[in-house]
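What follows is each chain in one-letter form.
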Amino acid sequence: MNQKLPKAYDPSLIEEKWSNFWVKERIFSVPTPRDAAGIRPFVQLLPPPNVTGRLHMGHMLNQTEMDILTRWHRMTGATAVWVPGTDHAGIATQMMVERQLVAEGKSRTDFTRQTFTDRVWAWKQQYGSAITDQMRRLGASVDWSREYFTMDDRLSHAVKEAFVRLWEQGLIYRGAYIVNWDPVLGTAVSDLEVESEERAGHLYHIRYPLADGSGSIVVATTRPETMLGDTAVAVNPADERYRHLVGKMLLLPLAGRQIPILADDWAQPEFGTGAVKVTPAHDPNDFAIGQRHQLPSLSIMDQQARIELEGSPYHGLDRFEARRRMVADLESAGLLVAVKDHTLTLPISQRTGAIIEPRLSMQWFLAVHQGPKDGGDSIAANATAAVRQGHIQFTPEMYSKVYFEWMNNIHDWCISRQLWWGHRIPAWHCAACSEINVARQAPAACRRCGGTELVQETDVLDTWFSSGLLPFTVFNWTGDPDADRANPDLAAFYPTQLLVTGFDILFFWVARMIMLGCHFMLQAPNPDGSRRELKDAVPFRQVYIHALVRDADRQKMSKTKGNVIDPIEIITRYGTDAVRFTLASQASPGTDIAFHESRTEGYRAFANKIWNAARFLQMNLDRAQQAGYRISLCGHDSVSLELPQNTPLETRWIFSRLSAVAETVARALAAYRFDEASSAIYQFFWGEFCDWYLELVKLRLNFDVAHNDLTALTLNALAGVFESALRLLSPFMPFLTEELWHALYASVGSPSPAVSIALTRYPQAEDFAADEAAVREMNTLQELIVAVRALRKDMGAPEKEAVPIRLHAGAAVAALAQANAEMLARLARVSGLELSTAALTGAGTRSTAAFDVAVLYERQVDAAAERERLTRELARLNKGLEAAEKQLNNQGFIARAPAHIVEGLRKQHAETLALRQKAEAALAALPPA
RNA sequence: GGGCGGAUAGCUCAGCCGGUUAGAGCGCCUGCCUUACAAGCAGGAUGUCGGGGGUUCGAGUCCCUCUCUGCCCA
């Protein structure tokens with residue numbers, strides 16, 4: 001019945017078993033609650049990885065943090081829902097499939113839209129779950145029954161609904177604007193998807209002759225190829241050099257059109273020649289000038305950024321080829337005045353690395369500064385207020401500043417993409433009258449002219465539009481106030497409690513969720529029918545922004561650098577629990593994590609330590625059973641707050657420590673201090689439970705004699721503390737603790753009280769008896785033991801040989817030492833204790849504030865080493881005394897510092913003084929060097 | 001150019017609302033195969049808290065400034 005645990009911890013033997021178990025048994029599935037008001041929800045949305053993605057360290061950190069919090073809250077009785085899903089990732093996925101086609105010698109244009117998207121779906125079916133499969137190995141306690149894909153019917157329906165509503169509210173509009181055009185992808189991309197890069201380039205000075213032949217003006221430009229689209233030349237109104245030319249017409253070289261010279265502040269006199277060409281269709285600033293002066297916009301490039309100008313000799317040329325040709329032509333025409341080196345900042349597409357072409361094109365936009373037609377504040381106003389008013393809190397707090405900064409400068413959001421893969425915009429263009437019919441279903445006839453020839457919009461929505469809706473769409477939001485009010489999932493789980501994510505998607509995703517969440521949910525009534533306020537419309541109440549995982553040299557991981565650490569590979573070598581603990585132990589808000597494998601090695605050793613503690617326990621439980629003891633273990637009830645009268649010191653102590661650690665962990669986790677929480681548990685488990693408690697219980701467990709109370713009591717305490725410690729640790733190391741927890745119950749011969757440790761109660765400070773006196777006494781004994789061990793070492797006493805000691809101390813400490821002679825014998829190999837009324841100094845002694853102790857061992861100490869040690873000690877003490885005296889002699893300090901600080905310092909000063917005397921005496925007693 | 005961080009032991013990082021002589025892990029040195037664990041046990045060494053100035057009875061902690069360094073936005 002009792003399976004022996006293997007001698008060494010081997011994660012590969014247990015992790016797969018439990019991750020399968022958790023999924024198969026649906027341990028973390030949360031049904032829709034009947035009574036939303038009766039639960040304490042802890043709801044989080046997993047930042048959905050792209051279907052094209054592979055798990056990286058960032059995911060692992062993110063999921064480790066989310067999982068620790070989820071498991072912790074779940075164990076404290078919350079209804080913990082963690083919703084997983086994947087994102088269709090428009091551009092990334094389409095690129096992935098297109099690349100596949102290229103390998104087959106085909107291209108997207110060989111397919112119809114339908115057959116292409118069918119192919120993407122097929123790809124998704126086959127490869128799309130790679131990342132969620134990897135996730136299962138991390139032990140993430142997500143609710144798989146709620147898993148979604150952003151293009152599921154359910155979510156697509158909601159996306160369509162959201163779009164139509166925004167359109168009806170007048171917040172979505174269509175228009176020709178300058179957008180960031182990626183000529184490789186053939187689509188517009190948002191500002192966020194554009195990076196800027198400095199590159200060496202040229203500034204071309206080109207002469208534009210006046211139409212009347214009376215002279216010319218020289219313009220400076222970095223992009224001569226766009227001159228075919230020029231519709232003006234601008235000079236600064238204050239620029240004396242050109243004032244007389246304003247209003248005159250120019251003859252545009254290479255095009256032969258006439259364009260005006262106008263005055264506009266945008267032209268900076270000190271840049272280039274002070275005269276700039278204006279190309280409204282190919283430059284955002286020029287576009288603005290064009291608007292101010294009602295200039296025509298002349299688009300001269302196609303979707304691949306080739307010159308598109310019928311009849312022009314440059315027609316069909318790539319933009320950079322066109323530049324070369326045009327510069328050459330200008331030169332031969334004598335119009336190229338100068339070419340100067342110039343560093344220019346180029347917009348680069350994040351996806352493809354292509355140089356973005358600002359391009360005038362028809363796009364769909366979401367208005368962020370405008371109130372909806374049916375009343376209410378603008379999207380940006382609500383999103384700003386939600387954070388400003390504290391309904392959403394950022395950790396680290398600093399990120400709220402970043403958020404405001406962005407929100408204050410936000411522009412209307414270009415939500416259309418010229419792709420095939422994504423949510424198609426629900427709009428139909430009337431062939432007859434060009435009316436745009438936005439509708440939930442394909443309309444039969446145009447609403448304006450009744451025409452029946454309707455063509456659906458070909459654009460799809462930006463991926464972030466649909467993911468921005470997730471906090472409510474995953475809970476089946478419909479947009480219909482009555483239906484939404486009656487929706488039990490929405491009632492129970494919205495707003496979600498927390499979002500854990502990286503700063504890289506703060507604007508892409510976090511901000512969009514706040515924008516869309518506040519906007520839509522303000523319109524959804526509360527479950528009781530009352531009007532929803534902003535504080536309950538927010539998509540989440542807390543945002544925790546985690547750090548970046550870097551390599552051991554603090555370098556950002558990147559494919560090109562080749563320093564990417566694959567979490568699966570590390571997990572395979574060290575086990576998931578050890579990797580999770582590594583990340584947790586370094587996860588402190590606002591600090592990047594340098595991932596050192598040596599640390600993971602250390603935490604695997606920790607896991608092994610726990611494993612062996614379990615083996616020790618199992619061994620003793622076996623013996624106990626053979627000896628006829630019955631051990632009862634029943635979750636946290638096994639630990640009694642009332643310890644029996646005869647409970648030995650170390651047991652009173654360990655329960656006190658357990659209580660304190662539970663407190664520390666709770667406080668740390670509430671503040672996202674994963675590092676503090678994990679270090680407190682580590683310290684407790686290894687430094688206190690294993691190093692001290694397990695050694696001490698060996699004194700109490702006695703199976704050679706008939707049944708005795710002390711053994712029984714100790715066994716119960718030992719098992720109870722261990723069981724509690726496993727629960728304490730389980731959010732951090734779910735696999736190991738699950739395995740050992742079940743094994744522990746098996747050893748006791750009783751069924752586990754829950755199918756999983758994850759469903760038990762999290763240890764709380766008040767679950768354990770705290771005993772201040774026991775902690776103090778134990779600390780004194782620890783000090784004494786450490787002092788004796790050190791002395792033994794100094795004097796060269798062999799490890800195995802027991803040695804007597806002499807102790808000088810106050811009555812209480814002396815009595816404590818006498819009462820615990822066994823402890824001293826066991827842990828410091830003390831063979832006998834002799835009390836001394838006189839203070840002890842000289843070779844072979846050590847002193848603390850509480851006692852002097854001497855090891856009675858014949859061999860002479862190494863006088864030189866001892867002198868060195870004492871000298872160091874003396875220096876340390878003097879430093880302390882100096883600092884203390886400086887303050888104590890300071891009248892200001894005595895007068896102004898709080899009494900307990902002054903008193904504490906005095907006491908310490910007195911103690912240090914005594915220690916110094918002893919050290920001096922010891923030094924003097926040494927034979928001369 | 002604007003904004004936000006960081007600099008503490010050899011390395012990676014903690015150090016709260018200022019309060020007594022600054023901590024952890026890894027690494028390093030020494031001794032131990034003490035039957036739970038050598039992935040272990042025990043003992044030990046290591047810091048002008050980036051420089052300078054200020055506030056304060058008191059500064060690693062608050063303020064100013066400089067140096068170095070990282071990130072975000074334009």
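In case you missed it, the structure is sitting above this.
Everything quoted here is computed from the prediction, not taken from an experiment.

Participant: An account of the overall build of chain A is needed here, citing residue identities and associated values.
Facilitator: Along its length, chain A carries 29 helices and 29 strands. Dimensions along the principal axes, computed over C-alpha positions, put chain A at roughly 115 × 70 × 60 Å. The 929 residues of chain A split such that 55% are buried. A separation threshold of at least 6 residues defines the contact pool for chain A, and within that pool the share at least 24 residues apart is 77%. A total of about 40200 Å² of accessible surface is found on chain A, and carbon and sulfur atoms cover 50% of it. Across chain A, the centroid of the 96 positively charged side chains sits 2 Å from that of the 107 negatively charged ones.

Participant: Give a description of the pattern of salt bridges that names residues and reports values.
Facilitator: Per the stated rule, a full pass over the model turns up 44 salt bridges. One salt bridge connects Lys17 with Glu739, and the closest N-O pair in it is separated by 2.7 Å. Note that Lys17 is positioned in helix α1 (residues 11-24) and Glu739 in helix α23 (residues 734-748), a separation of 722 residues in sequence. Residue classification places Lys17 among the partly exposed positions, given a relative accessible area of 43%. Ionic pairing is found between Glu435 and Arg447, a salt bridge with its closest N-O pair at 3.8 Å. Linking Glu435 in the loop between β18 (427-430) and β19 (436-438) with Arg447 in the loop between β19 and β20 (454-456), this pair joins segments that are 12 residues apart in sequence. Through salt bridges that share partners, Arg223, Glu225, Arg319, Arg323 and Glu357 make up one connected network.

Participant: An account of the pairing of strand β12 (residues 275-278) is needed here, citing residue identities and associated values.
Facilitator: Alternating positions in β12 separate into two faces, Ala275 and Lys277 on one and Val276 and Val278 on the other, with burial throughout. Sheet topology note: the strand β9 (residues 232-235)/β12 ladder contains 4 bridges and is antiparallel. Bridging from a neighbouring strand, Val235 pairs with Ala275 of β12.

Participant: I'd like to hear about the protein's contact with RNA strand B, residue by residue, with values.
Facilitator: If you check the shell around RNA strand B, you find 56 residues, and the closest are Arg554, Thr591, Arg896, Gln908 and Thr912. Among atoms of RNA strand B positioned within 4 Å of the protein, sugar and phosphate together represent 63%. Between a phosphate oxygen of RNA strand B and a side-chain N or O atom of Trp686, the distance comes to 2.5 Å. Within the side chain of Arg876, one N or O atom sits 3.4 Å away from a base oxygen of RNA strand B. Mapped by element, the contributors of at least two residues to the surface near RNA strand B are α10 (398-408), α19 (597-626), α21 (674-700), α24 (772-795), α27 (863-888), α28 (891-896) and α29 (899-925). In terms of residue count, α19 provides more of the surface near RNA strand B than any other element does, 11 residues in total.

Participant: Describe in detail the sheet that holds β18, supporting the description with residues and values.
Facilitator: With antiparallel pairing, 3 strands are arranged side by side in an open sheet as β19-β18-β20. Single-partner strands in this sheet number two, and they are β19 and β20. The sheet shows a mean angle of 30° between the axes of neighbouring strands, taken without regard to direction. Note: β18 against β19, 3 bridges, orientation antiparallel. Opposite Trp428, over in β19, you have Asn437 as the bridge partner.

Participant: So what's going on with the nonpolar core? Residues and values would help.
Facilitator: Ranked by size, the top nonpolar core spans 136 residues in total, and within it Ile610, Phe689, Phe722 and Phe732 carry the most contacts. Looking at this core element by element, the count peaks at 13 residues for α21. Residues within four places of Ile610 in sequence aside, it is in contact with Phe685, Phe722, Leu726, Leu729, Met733, Leu736 and Leu740. In terms of nonpolar packing, the next biggest core, distinct from the first, is built from 72 residues, Val159, Val164, Trp364 and Ile436 among them.

Participant: Account for the sheet that holds strand β7 (residues 194-209), naming residues and giving values.
Facilitator: Within the open sheet, the 3 strands sit side by side as β8-β7-β13. Their pairing is antiparallel. If you trace the sheet from one side to the other, it starts and ends with β8 (216-221) and β13 (336-349), each paired once. The average angle at which neighbouring strand axes cross in this sheet is 20°, direction not considered. Pairing analysis gives 6 bridges linking β7 to β8, with the strands arranged antiparallel. Considered in β8, the bridge of Tyr204 is made with Thr221.

Participant: With reference to specific residues and values, describe the packing of aromatic side chains.
Facilitator: Inspection of the entire model under this criterion finds 40 aromatic pairs. Ring geometry for Phe394 and Tyr403: centres 5.6 Å apart, planes at 40°, overall tilted. Linked through ring pairs, Phe581, Tyr603, Phe606, Tyr682, Phe685, Trp686, Phe689, Tyr693, Phe722 and Phe732 together constitute an aromatic cluster. When the ring centre of Trp144 is taken as origin, the NZ or CZ atom of Arg136, which lies over that ring, is 3.8 Å away.

Participant: Residues and numbers for the packing of α27 against α29, please.
Facilitator: Between α27 and α29, the shortest axis-to-axis distance is 9 Å and the interhelical angle comes to 150°. Overall, the two elements α27 and α29 adopt an arrangement that is roughly antiparallel. In this structure, α27 meets α29 at a crossing whose hand is left-handed. Between α27 and α29, the residues in contact are Arg867, Leu870, Thr871, Glu873, Leu874, Leu877, Asn878, Leu881, Ala884, Glu885, Gln887 and Leu888 and Leu905, Arg906, His909, Thr912, Leu913, Leu915, Arg916, Ala919, Glu920, Ala922 and Leu923, respectively. In terms of residue class, the contact of α27 with α29 is made up of 12 nonpolar, 5 polar and 6 charged.

Participant: How would you summarise the side chain of Glu357 if you had to cite specific residues and measurements?
Facilitator: Take Glu357: it is sitting in strand β14 (residues 357-366). With relative accessibility at 0%, the residue Glu357 sits in the buried group. A polar contact is formed between the side chain of Glu357 and the side chain of His282, at a distance of 3.3 Å. If we ignore the near neighbours within four places in the chain, the residues touching Glu357 are Val179, Asn180, Trp181, Pro183, Arg223, His282, Met301 and Arg319.

Participant: Would you mind going over the environment of Leu228 in detail, with residue names and values included?
Facilitator: Inspection of the secondary structure assignment puts Leu228 in the loop between β8 and β9. In this structure, the C-alpha to C-alpha distance between Leu228 and Phe163, residues 65 residues apart in sequence, is 38 Å. Apart from residues no more than four positions distant in its own chain, Leu228 is found in contact with Leu254, Ala255, Arg257, Leu298, Ile300, Ile307, Leu309, Ser312, Tyr314 and Met326.

Participant: Before we move on, could you go through unusual backbone geometry and cite the residues and values that matter?
Facilitator: It is generally the case that most residues other than glycine have a negative phi and that most peptide bonds are trans. With an omega dihedral of -5°, the bond running from Thr395 to Pro396 counts as a cis peptide bond. Even without being glycine, Ala89 reaches a positive phi, approximately 45°. Within the fold, Ala89 resides in the loop between β3 (85-86) and α3 (90-103). The phi torsion at Ser434 lies on the positive side, around 70°, for a residue other than glycine. Residue position: Ser434 is located in the loop between β18 and β19. Of the residues examined, Ser434 reaches a relative accessible area of 55% and is grouped as exposed.

Criteria and cut-off values
- Residues numbered from 1 in each chain as written.
- Chains lettered and ligands numbered in written order.
- Predicted model: local features only at pLDDT ≥ 70, side-chain atom pairs only at ≥ 80, totals over all residues.
- Heavy atoms only, no water.
- Helix = DSSP H or I, 4+ residues; strand = E, 2+ residues; numbered from the N terminus.
- Buried < 20%, exposed > 50% of the residue type's maximum accessible area, 1.4 Å probe, protein only.
- Contact = heavy atoms within 4.5 Å.
- Areas by Shrake-Rupley, 256 points an atom, 1.4 Å probe, with all protein chains shown as cover.
- Lys, Arg positive; Asp, Glu negative; His and termini not counted.
- Charge placed at Lys NZ, Arg CZ, Asp CG, Glu CD.
- Salt bridge = Lys/Arg side-chain N within 4 Å of Asp/Glu carboxyl O.
- Pairing = 2+ DSSP bridges.
- Near = heavy atom within 4 Å.
- Polar contact = N/O pair within 3.5 Å; in protein donor to acceptor, adjacent residues only side chain to side chain.
- Axes fitted to C-alpha atoms, helices over the stretch in contact; angles between N-to-C directions.
- Core = buried A, V, L, I, M, F, W, Y, C linked by side-chain atoms within 4.5 Å.
- Phe/Tyr/Trp six-rings, centres within 6.5 Å; stacked < 30°, edge-to-face > 60°.
- Lys NZ or Arg CZ within 6 Å of the ring centre and 35° of its normal.
- Parallel < 35°, antiparallel > 145°, perpendicular 65-115°, else oblique.
- Left-handed = near helix turned anticlockwise from the far one by under 90°.
- Nonpolar A, V, L, I, M, F, W, Y, C, P; charged D, E, K, R; others polar.

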